[in-house]
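Spelled out, the chains give:
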Amino acid sequence: VFCGYPGTPSSEVLETAAKRKPEGVYVEWSINEKTAMEVAAGAAYTGSRVLVTMKQVGLNVASDPLLCVNYIGVKGGLVILVADDPGPISSQTEQDTRNFGKYAKIPVFDPVTPEDAYEMIQDAFYLSEKIGGPVIFRPTTRICHSCAVINTAEIKAHENQGTFVKDSRWVIFPRLAHEAKRHLFLREKELGDTLSTYPYNEICGNGSIGVAMGGVSAAYTKEALSSLNLSCKTLTVATPYPFPEKIALHFLEGLDKVIVFEELDPVIEEALVSLCGKHRLDVEIYGKHSGHTIIAGENNENTITTQLADLFGLEKPMIPAQSETAPELAVRPPILCAGCPHRAAFYAVKQAMKDQKAVFSGDIGCYTLGNAAPLNMTDTCLCMGAGISIPQGLSRGGDQGVHFGFVGDSTFFHSGITNVINAVYNQSDEIICILDNSTTAMTVQQAINLLESQ
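This one's a predicted model, so the numbers in the text were calculated from it and none came from an experiment. (Residues numbered from 1 in each chain as written. Predicted model: local features only at pLDDT ≥ 70, side-chain atom pairs only at ≥ 80, totals over all residues. Heavy atoms only, no water.)

Caption draft 1: Fine view of the overall build of the protein. From N to C terminus, the protein includes 15 helices and 14 strands. The C-alpha radius of gyration computed for the protein amounts to 25 Å, which stays within 12% of the reference 22 Å derived for 454 residues, consistent with globular compactness. Its C-alpha atoms give the protein principal-axis dimensions of about 75 × 70 × 45 Å. Here the protein holds 454 residues, and the buried ones make up 47% of them. Of the contacts formed within the protein by residues at least 6 apart in sequence, a portion of 77% connects residues at least 24 apart. For the protein, the computed accessible surface area is about 22700 Å², with 55% contributed by carbon and sulfur atoms. (Helix = DSSP H or I, 4+ residues; strand = E, 2+ residues; numbered from the N terminus. Rg over C-alpha atoms; globule rule 2.2 N^0.38 Å. Buried < 20%, exposed > 50% of the residue type's maximum accessible area, 1.4 Å probe, protein only. Contact = heavy atoms within 4.5 Å. Areas by Shrake-Rupley, 256 points an atom, 1.4 Å probe, with all protein chains shown as cover.)

Right under this line is the structure:
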């Protein structure tokens, strides 16, 4: 079973599954990430293998059922593919799913290349089935949007699928949750020791200076080391949670200092600092906390090369400059596309309200672009569905005037409906504008048409 909710950079995964699905595989776009996670849990209760997809902010929406299903467990393999977005390139936040895995006590796989992703996704299913619980798979934007030639094995339907066996274990009573918490806590070290032998957690080279890395940053770091002709001891962390302490301790042996390259939060860096403290190791750890690597945004080969040169006291290599004949690209701020029907919708409302005080609250998606001149039609934008609930808060907070909430059709179904119910129940005074896109146009054109739905 495949299910999920679209959001760059995760959307192509489910779309590809729908195009290539063999017999015996079911694929659906769910109405939101919470629903997708609950559908996935039910399918995994039958013994089916299940992949549920979303982006990092979608994991927040799915967190309620995810944490609960980790307490209850599953019968089949359940892998949650969460695409993180360093930059962020197309997201509200730079949320790091590795931290969520640690918080939820769910193992996390972090591929370095598309080739790794193909092999590791299979390992993620094997581990899920072995531990009887969900596993998180965390590709970042550059992994999701990269291509590689891969020889794929024949895909077959999972053997043990399709039967739900009634058992009290599927009902999350408080006593069950209490025991499950103890189990998850005790499982952490055992899993960390097991994952220390996982082939993608790898030590290479030797020397007194070490380089630790994870995700796509590991690919950049290897290129940087090659361009600098540097030979040092390296650690690639493919399973940031539970942290593979045994192999990390082996890596730290004989080192004076370590620099860590990773995107988003200092997850590997903090794990190594903790390990040094626990075992009284005199090793200096450099990274985001020390100011030696970037705190936010994406890494690339050039920045890592410069940071390595600084640490090793080497002359910084010359970075090829753009050709003098190449023209500079024109700067174009994000705007609503030519011919976009939202332009007319925004303009019509603005004209209707030109002599009155009004606040226009927008939502995630194209409506955010209504903020730009000359429309100036998006005064607030927070998260999915908030275009309907923010006006309620503005009004309750005492703001006078007419309050508009703009939301797209996909977001209306995703998390807008409950906010409409709240407005009706609490008799809020607002005007809700649902803009029918016919498709979820900013993602992968999933057909969600209001008229069809009615």
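Caption draft 2: Region of interest: the packing of helix α3 (residues 56-72) against helix α4 (residues 97-104). Where α3 meets α4, the axes come as close as 11 Å, and the angle between the chain directions of the two elements is 20°. Judged by the inter-axis angle, α3 sits roughly parallel to α4. α3 and α4 meet at a crossing whose hand is right-handed. On the side of α3, the interface is formed by Gln56, Leu59, Ser63, Leu66, Leu67 and Asn70, while α4 contributes Thr97, Phe100, Tyr103 and Ala104. Here the contact of α3 with α4 is composed, by residue class, of 6 nonpolar, 4 polar and no charged. (Axes fitted to C-alpha atoms, helices over the stretch in contact; angles between N-to-C directions. Parallel < 35°, antiparallel > 145°, perpendicular 65-115°, else oblique. Left-handed = near helix turned anticlockwise from the far one by under 90°. Nonpolar A, V, L, I, M, F, W, Y, C, P; charged D, E, K, R; others polar.)

Caption draft 3: How the structure looks around the nonpolar core. Met37, Val52, Met54, Leu66, Val69, Leu78 and Ile80 are the most contacted members of the largest nonpolar core, which has 27 residues in total. For this core, the elements supplying multiple residues, two or more each, are α2 (33-45), β3 (50-55), α3, β4 (78-83) and α4. Here the element with the most residues in this core is α2; it accounts for 7 residues. The residues touching Val52, leaving out its near neighbours within four places in the chain, are Cys3, Gly4, Ala36, Met37, Ala40, Leu78, Val79, Ile80 and Leu81. Counting 21 residues, the second largest nonpolar core, distinct from the first, contains Val216, Leu230, Cys232 and Tyr286. (Core = buried A, V, L, I, M, F, W, Y, C linked by side-chain atoms within 4.5 Å.)

Caption draft 4: Representation of the packing of aromatic side chains. Summed over all chains, the structure comprises 9 aromatic pairs. On the basis of an interplanar angle of 70° and a centroid distance of 4.9 Å, the ring pair of Phe346 and Phe406 is categorised as edge-to-face. Placement of the pair is Phe346 in helix α12 (residues 341-352) and Phe406 in strand β13 (residues 402-408), with a sequence separation of 60 residues. For Phe406, a relative accessible area of 1% puts it in the buried group. Taking the centre distance of 6.3 Å and the plane angle of 15° together, the rings of Phe404 and Phe406 count as stacked. Each member of the pair, Phe404 as well as Phe406, is classed as buried. (Phe/Tyr/Trp six-rings, centres within 6.5 Å; stacked < 30°, edge-to-face > 60°.)

Caption draft 5: Expanded view of the sheet that holds β13. Read across the open sheet, the 3 strands follow the order β12-β13-β14; overall the sheet is parallel. Since the sheet does not close on itself, it has two edges, and those belong to β12 (358-361) and β14 (431-435), each with one partner. Within the sheet, the average angular offset between the axes of one strand and its neighbour, ignoring direction, is 20°. On the sheet, α12 packs against β12, β13 and β14 and is oriented at approximately 170° with respect to β13. On top of the sheet, helix α14 (residues 409-425) reaches β13 and β14; it is set at about 135° to β13, its chief contact. (Pairing = 2+ DSSP bridges.)

Caption draft 6: Just the pattern of salt bridges, in detail. Within the structure shown, the criterion is met by 12 salt bridges. Notably, a salt bridge pairs Arg138 with Asp84, separated by 2.7 Å at the nearest N-O pair. With Arg138 in the loop between β6 (135-137) and α6 (141-144) and Asp84 in the loop between β4 and α4, this pair connects stretches of sequence that are 54 residues apart. Residue Arg138 shares its accessibility class with Asp84, and that shared class is buried. Each of Asp84, Asp96, Arg98, Asp110, Arg138 and Glu262 takes part in one network of salt bridges that share partners. (Salt bridge = Lys/Arg side-chain N within 4 Å of Asp/Glu carboxyl O.)

Caption draft 7: Structural context of the side chain of Asp363. Tracing the backbone through its elements, the reader meets Asp363 in the loop between β12 and α13 (386-396). Buried charged residue Asp363 carries no salt bridge. Nearest counter-charge: Lys55, at 12 Å. In terms of polar contacts, Asp363 uses its side chain to reach the backbone amide nitrogen of Gly385, at 3.0 Å. If near-sequence neighbours (up to four positions away) are discounted, Asp363 is found in contact with Thr368, Cys381, Cys383, Met384, Gly385, Ala386, Gly387, Ile388, Phe406, Val407 and Thr411. (Lys, Arg positive; Asp, Glu negative; His and termini not counted. Polar contact = N/O pair within 3.5 Å; in protein donor to acceptor, adjacent residues only side chain to side chain.)

Caption draft 8: Geometry of the sheet that holds β4. The sheet built from 6 strands is open, its strands ordered β2-β1-β3-β4-β6-β5 with parallel pairing. Of all strands in the sheet, those with a lone pairing partner are β2 (27-29) and β5 (108-109), marking the two edges. As defined by bridge partners, strand β1 (residues 2-4) adjoins β3 across 3 bridges and the pair is classed as parallel. Bridge pairing links Phe2 to Leu51 in β3. Along the sheet face, helix α1 (residues 11-20) touches β1, β2, β3 and β4 and points at about 140° away from the line of β2. Across the sheet, helix α5 (residues 114-131) touches β3, β4, β5 and β6, and the angle it forms with β6 is around 170°.

Caption draft 9: The arrangement of helix α8 (residues 216-228) in detail. Relative to the 18 Å expected for 13 residues at 1.5 Å per residue, α8 spans 19 Å between its end C-alpha atoms, a close match to the ideal helical length. Residues of α8 that are buried: Val216, Ser217, Ala218, Ala219, Tyr220, Thr221, Ala224, Leu225 and Leu228. Buried residues belonging to α8 abut α6, β8 (209-214), β9 (233-237), β10 (257-261) and α11 (301-312). Backbone geometry just after α8 places Asn229 at a positive phi near 55°. (Expected span 1.5 Å × (residues − 1).)

Caption draft 10: Representation of the environment of Gly24 in the model. Note that Gly24 resides in the loop between α1 and β2. Among the residues examined, Gly24 registers a relative accessible area of 52% and is labelled exposed. For the pair Gly24 and Val1, spaced 23 residues apart in the sequence, the C-alpha separation amounts to 8.7 Å.

Caption draft 11: Layout of the environment of Ile143. Among the secondary structure elements, Ile143 is positioned in helix α6. In the structure, Ile143 is positioned 116 residues away from Val27 in sequence and 22 Å away in space, judged by C-alpha atoms. Beyond its immediate stretch of four places on either side in the chain, Ile143 contacts Pro111, Val112, Thr113, Pro114 and Val216.

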